[in-house]
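# Topology and contacts: notes
Residue-level listing of the chains:
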2 protein chains.
Amino acid sequence: MQAVTLDDVAVLAAVSAKTVSRVVNGDARVSPDTRQRVQAAIASLGYRPNLAARSLATSRSGLIGMFAPLIGGSHFFGELMREAIRACRQHGYHLAIEEAGVHSMRNVDAYREGLRKLRCEGMVLPAPVCDDLELLDALDADGVRYVRISPALEVARSVAIVADHAAGARAVAQHLWSIGRRRFGLVTGMPHQASSPLRRDGFLAGLAEQGITADQMAIVAMPDLIRDTGWGAAGGGVPNIIDLGRHAGAQLFDRDCRPDAIFTYNDELAAGVVSQARDRGIDVPGQLSVVGFDDSDAARLCWPPLTTVRQPIARIAAQAVDILITGDPQDQRTILCPVELVVRGSSAAV
Amino acid sequence: MQAVTLDDVAVLAAVSAKTVSRVVNGDARVSPDTRQRVQAAIASLGYRPNLAARSLATSRSGLIGMFAPLIGGSHFFGELMREAIRACRQHGYHLAIEEAGVHSMRNVDAYREGLRKLRCEGMVLPAPVCDDLELLDALDADGVRYVRISPALEVARSVAIVADHAAGARAVAQHLWSIGRRRFGLVTGMPHQASSPLRRDGFLAGLAEQGITADQMAIVAMPDLIRDTGWGAAGGGVPNIIDLGRHAGAQLFDRDCRPDAIFTYNDELAAGVVSQARDRGIDVPGQLSVVGFDDSDAARLCWPPLTTVRQPIARIAAQAVDILITGDPQDQRTILCPVELVVRGSSAAV
DNA sequence: TACGCCGATGACAGCGCTGACATGCCATGT
DNA sequence: ACATGGCATGTCAGCGCTGTCATCGGCGTA
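Residues numbered from 1 in each chain as written. Chains lettered and ligands numbered in written order. Predicted model: local features only at pLDDT ≥ 70, side-chain atom pairs only at ≥ 80, totals over all residues. Heavy atoms only, no water.

The name that an unreviewed UniProt entry assigns to chain A is LacI family DNA-binding transcriptional regulator, with the source organism given as Croceibacterium xixiisoli.

Turning to the UniProt feature "domain: HTH lacI-type" (unreviewed entry) in chain A, a few remarks are in order. Using the residue numbers shown here, the UniProt feature "domain: HTH lacI-type" (unreviewed entry) corresponds to residues 4-58 of chain A. Here residues 4-58 of chain A runs as 69% helix and 0% strand, with 20 Å between its end C-alpha atoms. (UniProt positions renumbered as here; feature names shortened; annotations may be inferred. Helix = DSSP H or I, 4+ residues; strand = E, 2+ residues; numbered from the N terminus.)

The environment of DNA strand C is formed by 23 residues, the closest being Leu6(A), Ser21(A), Tyr47(A), Thr19(B) and Thr34(B). Backbone atoms, meaning sugar and phosphate, make up 65% of the atoms of DNA strand C lying within 4 Å of the protein. In this structure, Leu6(A) approaches DNA strand C through a main-chain N or O atom, which is 2.4 Å from a phosphate oxygen. Note that a base nitrogen of DNA strand C is positioned 2.8 Å from one of the side-chain N or O atoms of Lys18(A). Of all the secondary-structure elements, those providing two or more residues to the surface near DNA strand C are helix H2 (17-24) and helix H4 (51-58) of chain A together with helix H2 (17-24) and helix H4 (51-58) of chain B. Sorting elements by how many residues they give to the surface near DNA strand C places H4(A) first, with 4 residues. (Near = heavy atom within 4 Å. Polar contact = N/O pair within 3.5 Å; in protein donor to acceptor, adjacent residues only side chain to side chain.)

Residue and element names in this part refer to chain B. Among all positions of H2, only Thr19, Val20, Ser21 and Val23 are buried. Taken together, the buried residues of H2 touch helix H1 (6-13) and helix H3 (32-45). A positive phi of about 70° marks Gly26, the residue just after H2. (Buried < 20%, exposed > 50% of the residue type's maximum accessible area, 1.4 Å probe, protein only. Contact = heavy atoms within 4.5 Å.)

For the rest of this paragraph, the subject is unusual backbone geometry. Of all residues except glycine, most have a negative phi; of all peptide bonds, most are trans. Cis geometry marks the peptide bond from Val284(A) to Pro285(A); its omega dihedral reads 10°. Looking along the chain, the bond that leaves Trp303(A) and enters Pro304(A) is cis, with omega of -5°. We note that Ser59(B) has phi near 50°; this positive angle belongs to a residue other than glycine. Position of Ser59(B) among the secondary structure elements: in the loop between H4 and strand S1 (63-68). When its relative accessible area of 68% is taken as the criterion, Ser59(B) is described as exposed.

Residue and element names in this part refer to chain A. Along its 14 residues, helix H3 (residues 32-45) runs 20 Å from first to last C-alpha, staying within 8% of the 20 Å computed at 1.5 Å per residue. Those residues of H3 lying buried are Thr34, Val38, Ala41 and Ile42. Along the axis of H3, the buried positions cluster into a sector of 100°, meaning they face one direction only. Of the residues in H3, the exposed ones pointing more than 90 degrees away from the buried face are Pro32, Asp33, Gln36, Ala43 and Ser44. For H3, the secondary structure elements touched by its buried residues are helix H1 (6-13) and H2. Backbone geometry just after H3 places Gly46 at a positive phi near 70°. (Expected span 1.5 Å × (residues − 1). Arc of directions from axis to C-beta.)

Right, here's the structure in full:
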């Protein structure tokens, strides 16, 4: 079975193997009728190229690699993966996926023992893997190009594609202001998440345009929240982020001047805030509008569904792959992608 | 760069290329000191095998393929994918992932234009792709083995790995009974989902053991629900499953004898029921215990988190890969995997 | 001592494809 | 009529590895 080779096709079409190769690879310098004859032979024989042989002959693998922190762990990576696969296919490439730091293995070891063998021609590196300098060194040493998808701007060793977190957060501020909200609450993310300060500052900047300053709003800082709830002590246990959001909500609702609009670092926190609000009989969105970030599953699973900010994941993935396959290796741009405010049921006019 | 070949290693170790090959492939018939010498040479040169060349020489691709309905679309596939990748790596294989039926393309075409080129040695086929006979025919024609992961038992052309949905649902019934629940509600899934009748019947069987019959409980059938809510008419629009659950909850709460325990086809529906209950001031889990199925994100994102049934996804994936790589090609068993009841905050004693 | 056997190692071809280069053919210009 | 150039096509080696078979040396047995 499946022993059809170039030569078989060549014999049938009465041309040389090389000509068949040309047809298969879309070389223009083949006369139309020859091409047709070859294509007919290919079809009738059911020929399909042997990628291993091609790869050996050309020393190109036809593979793009992607590191994911925890496959299936989030909506973001799922979509990134899906879109990267599609983009690769359009170029005739395939995507090889590897899980970063499995079993607390260092990323660079995960690379060495996994993807490296496949000799990917390029790598898509989402955060936080993309900030692992050790890994970047290893990739550089192998001459493997990479595109980083990260809000962390410090590293400038390759193309970086970045969603415009700040602009998204600013849009949230404008949205909340425009629907008549005036008392604002904010729940931040962990400082080590590079997107956290960007989202916070974007939000603050948006409100500053309306004359609202940080000291006029209720802010819950994630590190404090974690300390207060004792999650910090509970060694190893990853805090339930929804529950964290509920605690944040409780803290905000206990303030003297209860906010009528709350923006949280991400959707899970927002869902927790909404949950707490409903337990206290606070109407969402009437008495309180809540906005998250990421347009993750939580945004849709929450009731009412969350107003949130969506990153253009498909576009990011496609662009990353395009750059790896067709781009200039010297390119070191940082590409900022616009994000989109998605208004749903959790925010509405007073 | 990276031009280190078997021959380079062979020269350094003063042996033939073939002996190096033996060492690399773990052939036992190499004397210990030769082996050591070769390994030292490999290490000092930083040699790594060229998989394309190996693949060409052995005519084995070292690839397992997997079809996923919508990559990143669900927790289940995310985890399946992750575990399959891990299992493949343990065997020195890699996993190639393809999205089924992209852009309403037929599965078989997605296969032909994508994975087929890679010549996977085996395929993991989750539901519902695994019930596409056209695809199975194509795989058979190519001589590609496959393992189906599906509750649909009609097709018997390969190994099938099946989570024991019925046993899980029965365990739910027993759990609810044991915490003192006596008035039961049930929300089914769509009949075309093969797992739906299995879960329903398992639940009914579990209650039957306690002397409760179907006509003594409140049942919401999904097709009716979809009709009632008008989703059926809203062409194209996929119903928001949470919202569907809220409607199901409303129907159940309006009955004369309000259930104090509700089991739903999946977690999203359960989350909707919980949401509705909270809006009506019904205490969960005190006045009403709710149990879902799948242990999806919704189960954790819900508040209180859902009691649910978890499929042993890791085990299923590992077993599928093992069977493809080391198993008997003639094998046509159907393997039933035990599931696990996960008790969380949404169910508790009266 | 002679023989056969076995474990360790090597020689060599070839997997299917493509790159570099060679060839052959026809149209064009002089 | 002949040189020239350009296009279509062919020849051939070799990418890095492994399967097959051959070889070699030492050991046990008769």
